[in-house]
Amino acid sequence: MSLLTFSRFLSFSSSPNSLCFHRRRLPRSLFRFSLGAIKGAESSSVDDGVAVLWFKQDLRIDDHPGLVAAASRHRTVIPLYVFDRRILSRYSDEMLELVLVAVEDLRESLKDQGSNLMIRFRSAENAIREIVKEVKATTILAEEEVEHELRKIIDTMQEALASVPLPERSPEIVMWQTTFYDIKDLKDLPPSYHDFTKLQLPMTSPLGPPRLPPVDMGLDWGSLPSLADLKQFMYGNPSKSKEDWTSIKETVGEIMLLNGPVHQVEVSNTLIRGVESINSTGSNQINLNHEQTQRKRLQKSSFVTSKGNLVGGGTNAVLNALAAYLRYLEGTSRDDWQEVHEKLRENESRDGASFGTLFGSALSLGIISRRTVYHEAIKYEKERNAGFLSPFGYSAATIAAAADAVLSMEWYWLMALKSQINDEGPFSVRIWRWNGYLIQYTVVGHEGPAVLLVHGFGAFFEHYRDNIHPIADRGKRVWAITLLGFGKSEKPNIFYSELMWAELLRDFIIQVVGEPVHLVGNSIGGYFVAIIVGLWPDLAKSVVLINSAGNVIPGYASMPSPKERRTSGAAWLGARLLLPFLRLRLPSIVKNCYPTKMARADDWLLNEMLRSSYDPGALVLLESIFSFDLSIPLNYLLKGFNERVLIIQGMKDPISDSESRVAMLREHFAGIVIKELNADIAPMMSFQTK
């Protein structure tokens, strides 16, 4: 279903042949209408005012409800893309290449429809404010976002527009959405995916591109930048990324491990080696990248970036790659399809994982919609089965990979949006997008040192529910994150590893917190925290390990060579046998883990853990416990950081020998502080923070 959200003063009623707007003074709220209402709007009255359509992560004209609504309701529509540093800074260099190619294709597609795309370089709110003043726009249309930073930008834009003087009225902001289902009110969305699937809501179909009204206003449409121009705009130097501590984000965990343990005196040299392994080396390299991109486009390659890892280009190029991906079993003599098939084989780290790796970036940028991918997959499935869909599953693994991936993305997007609309619970939930995946977190406190709380396996940020506010009340700013694969954060079809989670935490510290933090980790989360300290010590001020996973190996000095890890048949089978058992025995298992305070395993905690087990992708996460590699000991990772380490050990931890562990820690960790508590595997749930 296509959804429109009217942020200021608007509600509406609809009929099969009309779409009527009513101006009302209302607080910000959500209003939605069906595809039929959008199509019916074509015959309704047309607004003489100018509409500005702000493209962000919706770089397409196909299946674009905002574009359809703008073309249906307004005589003049100005499409706009703003190169805003706050948005672009989240992207890698390869993603920036994808953005440039997609924006160029979007402009050409809009020209084919009789319009154009305005390009601006500045903050989005200032760019839109200037355009509104210039053309006296009455409406701004933009896609509804779930990410906290993008929602902040939209709110800032609303505030900026409130001061724009117009003869008749302040401009109205129309937020639109594209979802699979006809959901009348997101507050009615079941919390469990298991219950959601029982509703059997009908799927909606993608929209075609509209015919846009011509724009004859003598406007400066702006020019498209080169990659060198864009990097100059973002960083001031086209040959380098940021030179401050955030360059750590450009390092690769495996390369850092091979360089040996990172001590404070070696940080700069080690970082240089890590950054050089993946960064461009100058403006000549950037120009070469641009030439490679243009050559690949002329060759009709779907992998248009210099590295050639991601499907990109315009919508038609991505659709072509999708067709090749779905038809993998058929084989082909086409060079461009053979390239897709080769990339599929290279990236199939587990069944179906190649789809997200290849197409995830195009979906994140909105070059193609999730709904279009699902529609194409089902259309091909019907072609293979004489127009029928089997109740026993899909006939090809590639069809299953594409359809399951976008259905999963849709579920987590709906949950994320619901968390932003509903103001429930003791913590305000925020959303951060990491590598295209939606991550939940919360932050409490307005001043003082930054603290980051990291949970253990099978948990989520609410496991620190008794600690977040007390720590903040003592003059700290507290972030608590739900890691990828856990709680209500997304659970993609990827290979989970301890290094992947450590890199996620590294990027969270850099992108979200924005400064070095005091790290607190429980169980396996403690091991992730230790990796942060071992590889990127500049990110940590101190470390608290609470019943942390990880070993102590005296005299450990050599790093094992990295090896490719894939999901084994045993892990696949083990997860499918283990999950039903865990669901059946969950209350007793959890209470046995908290013997000193069983009351903390309350109904809310148990229900949330059970709910999470039904999320799409839960089985994939569970497979990871059979492949964890904790061979790098804590004493190796924390070497040189001892004086800033506090280890808290619950002595009644039912799954470890706490006495022996504490003895080893005391013997081989000179300078660290160890606190023994009469607590279990999660002492923070037994005691409020002191």
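Residues numbered from 1 in each chain as written. Predicted model: local features only at pLDDT ≥ 70, side-chain atom pairs only at ≥ 80, totals over all residues. Heavy atoms only, no water.

### What about the overall build of the protein chain?
Stage number 1. Along the backbone of the protein chain there are 25 helices and 16 strands.
Stage number 2. Relative to its 690 residues, the protein chain shows a buried fraction of 58%.
Stage number 3. Element-wise, carbon and sulfur atoms account for 50% of the exposed surface of the protein chain, whose accessible area totals about 28,600 Å². (Helix = DSSP H or I, 4+ residues; strand = E, 2+ residues; numbered from the N terminus. Buried < 20%, exposed > 50% of the residue type's maximum accessible area, 1.4 Å probe, protein only. Areas by Shrake-Rupley, 256 points an atom, 1.4 Å probe, with all protein chains shown as cover.)

### Side note on the packing of aromatic side chains
Stage number 1. For the coordinates displayed, the defined rule picks out 23 aromatic pairs.
Stage number 2. Centroid distance Tyr325 to Phe359: 5.6 Å. Interplanar angle 80°. Geometry classified as edge-to-face. On the criterion of sequence distance, the pair formed by Tyr325 in helix H12 (residues 315-326) and Phe359 in helix H14 (residues 353-364) is long-range, its members being 34 residues apart. The same class applies to Tyr325 and to Phe359, which are both buried.
Stage number 3. One aromatic cluster is present, formed by Phe180, Tyr181, Tyr193, Phe196, Tyr374 and Trp411 through successive ring pairs.
Stage number 4. A cation sits over an aromatic face here: Arg85 above Phe233, 4.0 Å from the ring centre.
Stage number 5. In this structure, Arg506 is placed above the aromatic ring of Trp536, and the distance from its NZ or CZ to the ring centre is 4.9 Å. (Phe/Tyr/Trp six-rings, centres within 6.5 Å; stacked < 30°, edge-to-face > 60°. Lys NZ or Arg CZ within 6 Å of the ring centre and 35° of its normal.)

### A few points about helix H13 (residues 335-346)
Stage number 1. Spanning 12 residues, H13 covers 17 Å between terminal C-alpha atoms, matching the ideal 16 Å at 1.5 Å per step.
Stage number 2. Of the residues making up H13, those classed as buried are Asp336, Trp337, Val340, His341, Lys343 and Leu344. Buried residues of H13, seen end-on, are gathered within an arc of 160° and therefore sit on one face of the element.
Stage number 3. Tucked inside the fold, the buried residues of H13 contact H12, H14 and helix H16 (397-421). (Expected span 1.5 Å × (residues − 1). Arc of directions from axis to C-beta. Contact = heavy atoms within 4.5 Å.)

### A short note on the sheet that holds strand S10 (residues 437-444)
Stage number 1. Read from one edge to the other, the open sheet built from 8 strands follows the order S9-S10-S12-S11-S13-S14-S15-S16, with strand pairing classed as mixed. Of all strands in the sheet, those bounded by a partner on one side alone are strand S9 (430-434) and strand S16 (673-677). For this sheet the average axis-to-axis angle between neighbouring strands, irrespective of direction, equals 20°.
Stage number 2. With 4 bridges joining them, strand S11 (residues 450-454) and strand S13 (residues 517-522) adopt parallel strand pairing. Residue pairing for S13: Leu453 is matched across the bridge by Val520.
Stage number 3. Strands S11, S13 and strand S14 (540-546) of the sheet are contacted by helix H19 (residues 524-535), whose axis makes an angle of about 145° with S13. (Pairing = 2+ DSSP bridges. Axes fitted to C-alpha atoms, helices over the stretch in contact; angles between N-to-C directions.)

### A short note on the confidence of the model for the protein chain
Stage number 1. When pLDDT is averaged along the protein chain, the result is 83; 82% of the residues meet or exceed 70.
Stage number 2. Predicted confidence is poor over residues 238-243, with pLDDT under 50, and the contacts of this stretch with residues over four places away or in other chains come to 17 contacts.
Stage number 3. Counting interchain partners and residues more than four positions distant, the pLDDT-below-50 stretch residues 261-283 has 43 contacts. (pLDDT = per-residue confidence, 0-100.)

### Concerning the nonpolar core
Stage number 1. In terms of nonpolar packing, the biggest core is built from 142 residues, with Tyr81, Phe83 and Phe355 touching the most fellow members.
Stage number 2. Broken down by element, the residue count for this core peaks at 15 residues, all from H16.
Stage number 3. When neighbours within four sequence positions are excluded, Phe355 is seen to be in contact with Leu322, Tyr325, Gly360, Leu363, Val373, Ala401, Ala402, Ala405 and Val406.
Stage number 4. With 60 residues, the next largest nonpolar core counts Phe486, Trp501, Trp536 and Ile674 among its residues. (Core = buried A, V, L, I, M, F, W, Y, C linked by side-chain atoms within 4.5 Å.)

### Considering the pairing of strand S12 (residues 477-481)
Stage number 1. Most of S12 sits inside the fold, with 5 of its 5 residues counted as buried.
Stage number 2. Side chains Arg477, Trp479 and Ile481 of S12 all project onto a buried face; the interleaved residues Val478 and Ala480 project onto the opposite face, where all are buried too.
Stage number 3. Relative to S12, S10 runs antiparallel, the two being bridged by 4 bridges. Note on S12: the bridge partner recorded for Val443 is Trp479.
Stage number 4. As paired elements, S11 and S12 share 5 bridges and run parallel to each other. When the bridges of S12 are listed, Ala450 appears paired with Arg477.
Stage number 5. As a crossover connection, the stretch from S11 through helix H17 (residues 468-473) into S12 is right-handed. (Right-handed = clockwise from strand over helix to strand, strands pointing away.)

### Considerations on helix H8 (residues 227-235)
Stage number 1. Residues of H8 that are buried include every one of Leu227, Ala228, Leu230, Lys231, Phe233 and Met234, and no others.
Stage number 2. Positive phi appears at Gly236, one or two residues downstream of H8, with a value of about 85°.

### A look at the pattern of salt bridges
Stage number 1. On inspection of all chains with the given rule, the structure shows 24 salt bridges.
Stage number 2. As a salt-bridge pair, Glu147 and Arg90 come within 2.3 Å of each other at their nearest N and O atoms. Residue Glu147 is found in the loop between strand S7 (137-143) and helix H6 (148-161), and its partner Arg90 is found in the loop between helix H3 (85-88) and helix H4 (93-112); the two are separated by 57 residues along the sequence.
Stage number 3. Judged by relative accessible area, which is 2%, Glu147 ranks as buried.
Stage number 4. Close ionic contact of Arg477 with Glu515 constitutes a salt bridge, the shortest N to O distance being 2.9 Å. Note that Arg477 is positioned in strand S12 and Glu515 in the loop between helix H18 (498-513) and S13, a separation of 38 residues in sequence.
Stage number 5. Of the residues examined, Arg477 reaches a relative accessible area of 16% and is grouped as buried.
Stage number 6. What makes Glu515 partly exposed here is its relative accessible area of 22%.
Stage number 7. A network of salt bridges, in which partner residues are shared, links Lys491, Glu608, Arg611 and Asp615. (Salt bridge = Lys/Arg side-chain N within 4 Å of Asp/Glu carboxyl O.)

### Describing the environment of Tyr380
Stage number 1. Along the polypeptide, Tyr380 turns up in helix H15 (residues 370-384).
Stage number 2. For Tyr380, a relative accessible area of 2% corresponds to the buried category.
Stage number 3. Note: C-alpha distance between Tyr380 and Ala323 (57 residues apart in sequence) is 8.6 Å.
Stage number 4. Other than its neighbours up to four places away in sequence, Tyr380 contacts Leu326, Arg327, Glu330 and Ile399.

### A word on the side chain of Thr139
Stage number 1. Tracing the chain through its elements places Thr139 in strand S7.
Stage number 2. If we ignore the near neighbours within four places in the chain, the residues touching Thr139 are Val50, Ala51, Val52, His74, Glu172 and Val174.

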